[in-house]
Amino acid sequence: MHLLPTRPSASRPDTGRLLRAARKIFLVVAGNAILALGIALFIEPTGIISGGTTGIGLVFQSLFGLPIPVTYGIVNLVCFVLGLMILGWQFAAGTLLSTVLFPFILSAAEQLPPLTDVTGDLFLCAVAAGVLSGAGMGLVIGEGASTGGLDIPPILCNRCFGLPVGSVMLVLNLATLAVQKIVATPKQMIYGILSVIVTSMVLDAVLKSGRQRTQVPIMSQQYEQIQQQLLDHQIGVTMFVSEGGYAQHSGRTVLCAVPSRRLPEVKQIVSQADPTAFVLVSAVSEIIGRGFSMPR
């Protein structure tokens with residue numbers, strides 16, 4: 001039997017909603033802070049070129065004398081409007097928070113002392129910048145927001161066509177770096193390419209880290225007992241009518257999806273109920289639905 005959730009009273013705030021909002025704000029701010037550290041500590045002191053809106057601004061400034069802030073503002077505005085129209089106001093609110101906070105966070109990060117032991121090695125700086133940039137953007141995008149500018153088109157491509165955010169962002173950044181060839185040295189190009197490749201790899205890893213699950217279909221004549229045991233352990237299940245191909249026994253298949261750390265728990269429940277159960281274990285990159293991408 002499924003119980004419908006009661007509607008919270010008007011006088012009592014929805015604690016769960018407030019906690020989710022607070023978590024989102026915290027992660028968006030933390031992601032912007034990590035991104036700012038990557039730029040302030042490793043990009044700016046070394047002159048390694050970067051992709052995104054800043055790279056486009058450098059090109060337009062060199063070719064047409066257009067100030068970088070003007071180009072930055074135009075690109076951000078166009079991408080922001082597209083994001084608002086397609087992804088909705090929640091995405092726009094998170095992106096606006098990033099757009100407002102990031103300049104202040106970057107200014108504060110620029111006051112930190114340079115890492116002189118690292119900044120002398122451009123290779124380490126390019127890798128470190130890529131790691132911090134990818135991790136920071138991954139935290140922000142994972143909360144349904146963006147850091148603005150050219151971060152938005154990859155999110156739109158992911159939402160509309162299912163393309164990986166990191167891969168689309170890598171293509172855009174490489175295209176931006178290629179255009180910057182007219183204003184950058186070969187060494188800057190090489191380390192810039194290395195930095196954006198690392199950024200895309202770390203970004204995809206961060207986005208997948210909180211969404212990966214282990215899918216476990218369980219075929220057993222003791223499906224009712226297994227189902228109840230899993231539910232008692234707060235593990236959601238889905239039931240499928242099935243029939244064995246060899247013995248042709250009719251029954252039901254129990255399907256659950258759990259974090260990898262809970263897989264031994266599921267195996268123990270199944271083995272205690274039916275040591276002869278047929279169990280498949282496979283990794284899935286993402287699950288969308290109630291209990292996973294939204295509250296129960």
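Residues numbered from 1 in each chain as written. Predicted model: local features only at pLDDT ≥ 70, side-chain atom pairs only at ≥ 80, totals over all residues. Heavy atoms only, no water.

## Looking at the pattern of salt bridges
Counted under the stated rule, the structure contains 2 salt bridges. A salt bridge links Arg23 to Glu143, with the nearest nitrogen and oxygen atoms 2.9 Å apart. A residue pair is termed long-range when its members are at least 10 positions apart, and Arg23 in helix 1 (residues 15–43) and Glu143 in the loop between helix 6 (122–142) and helix 7 (152–161) qualify at 120 residues. Linking Glu265 and Arg262 is a salt bridge whose minimum nitrogen-to-oxygen distance equals 2.9 Å. (Salt bridge = Lys/Arg side-chain N within 4 Å of Asp/Glu carboxyl O. Helix = DSSP H or I, 4+ residues; strand = E, 2+ residues; numbered from the N terminus.)

## Concerning the side chain of Thr176
Mapped onto the elements of the fold, Thr176 is located in helix 8 (residues 165–179). Among the polar contacts made by the side chain of Thr176, one reaches the main-chain carbonyl oxygen of Leu172 at a distance of 2.9 Å. Setting aside chain neighbours within four positions, we find Thr176 in contact with Gly51, Gly52, Gly55, Ile56 and Leu150. (Polar contact = N/O pair within 3.5 Å; in protein donor to acceptor, adjacent residues only side chain to side chain. Contact = heavy atoms within 4.5 Å.)

## A few points about the packing of helix 10 (residues 223–232) against helix 11 (residues 263–273)
In contact at an axis separation of 9 Å, helix 10 and helix 11 are set at 145° when each is read in the N-to-C sense. In this structure, the crossing between helix 10 and helix 11 has a hand that is right-handed. The residues of helix 11 that touch helix 10, namely those facing Gln225, Ile226, Gln229 and Leu230, are Val266, Ile269, Val270 and Ala273. (Axes fitted to C-alpha atoms, helices over the stretch in contact; angles between N-to-C directions. Left-handed = near helix turned anticlockwise from the far one by under 90°.)

## Thoughts on the nonpolar core
Formed by 21 residues in total, the largest nonpolar core has its most connected members in Ala36, Met137, Ile141, Val165, Met169 and Leu203. Sorting the residues of this core by element identifies helix 1, helix 3 (68–87), helix 4 (89–109), helix 6, helix 7, helix 8 and helix 9 (186–209) as the ones contributing at least two each. Sequence-distant contacts of Met169, defined by excluding residues within four places in its chain, comprise Met137, Ile141, Asp151, Pro154 and Leu203. (Core = buried A, V, L, I, M, F, W, Y, C linked by side-chain atoms within 4.5 Å. Buried < 20%, exposed > 50% of the residue type's maximum accessible area, 1.4 Å probe, protein only.)

## With respect to the confidence of the model for the chain
For the chain, mean pLDDT is 82; residues scoring 70 or higher make up 88% of the total. Contacts for the low-pLDDT stretch residues 1–13, under 50 throughout, to residues beyond four places or in other chains number 2 contacts. (pLDDT = per-residue confidence, 0-100.)

## A look at the environment of Ser200
Assignment of secondary structure puts Ser200 in helix 9. Each C-alpha atom, one on Ser200 and one on Gly138, is 9.4 Å from the other, the two residues being 62 residues apart in sequence. Each residue touching Ser200, except ones within four places of it in the same chain, is listed here: Gly166 and Leu170. In terms of polar contacts, Ser200 uses its side chain to reach the backbone carbonyl oxygen of Ile197, at 2.8 Å.

## Some remarks on the pairing of strand 3 (residues 250–258)
With 7 of 9 residues buried, strand 3 lies mostly within the body of the structure. In the sheet, strand 1 (residues 213–219) pairs with strand 3 via 6 bridges, with the strands oriented antiparallel. Directly across from Thr214, in strand 3, lies its bridge partner Val258. In the sheet, strand 2 (residues 238–243) pairs with strand 3 via 6 bridges, with the strands oriented antiparallel. Within strand 3, the residue paired with Ser242 across the bridge is Gly251. Joining the antiparallel neighbours strand 2 and strand 3 is a turn of 6 residues, in which Gln248 adopts a positive phi near 60°. (Pairing = 2+ DSSP bridges.)

## Quick notes on the environment of Gly51
Among the structural elements, Gly51 can be located in the loop between helix 1 and helix 2 (52–64). The exposure class assigned to Gly51 is buried, which follows from its relative accessible area of 14%. Sequence separation between Gly51 and Ser195 is 144 residues; the distance between their C-alpha atoms is 9.3 Å. Among all residues touching Gly51, those that are not within four sequence positions of it are Asn173, Thr176, Leu177, Gln180 and Val196.

## Here's the deal with helix 6
Helix length check: helix 6 (21 residues) gives 29 Å between terminal C-alpha atoms against 30 Å at 1.5 Å per residue, within 8%. Those residues of helix 6 not exposed but buried are Cys125, Ala126, Ala129, Gly130, Ser133, Gly134, Gly136, Met137, Gly138, Val140 and Ile141. Residue Asp121 occupies the N-cap position of helix 6, its side-chain oxygen lying 3.0 Å from the main-chain nitrogen of Phe123. Two residues or fewer after helix 6 comes Gly144, characterised by a positive phi angle close to 80°. (Expected span 1.5 Å × (residues − 1).)

## Examining the environment of Ile269
Examined against the element boundaries, Ile269 turns out to sit in helix 11. Measuring from C-alpha to C-alpha, the distance between Ile269 and His233 comes to 9.5 Å, with 36 residues separating the pair along the chain. Discounting residues that sit within four places of it in the chain, Ile269 has contacts with Ile226, Gln229, Leu230 and His233.

## Some thoughts on the packing of helix 6 against helix 9
Closest axis-to-axis distance for the helix 6/helix 9 pair is 7 Å, and the angle between their directions is 35°. As for the relative orientation of helix 6 and helix 9, their crossing is right-handed in sense. Looking at the contact of helix 6 with helix 9 residue by residue, the class counts come to 17 nonpolar, 7 polar and 1 charged. (Nonpolar A, V, L, I, M, F, W, Y, C, P; charged D, E, K, R; others polar.)

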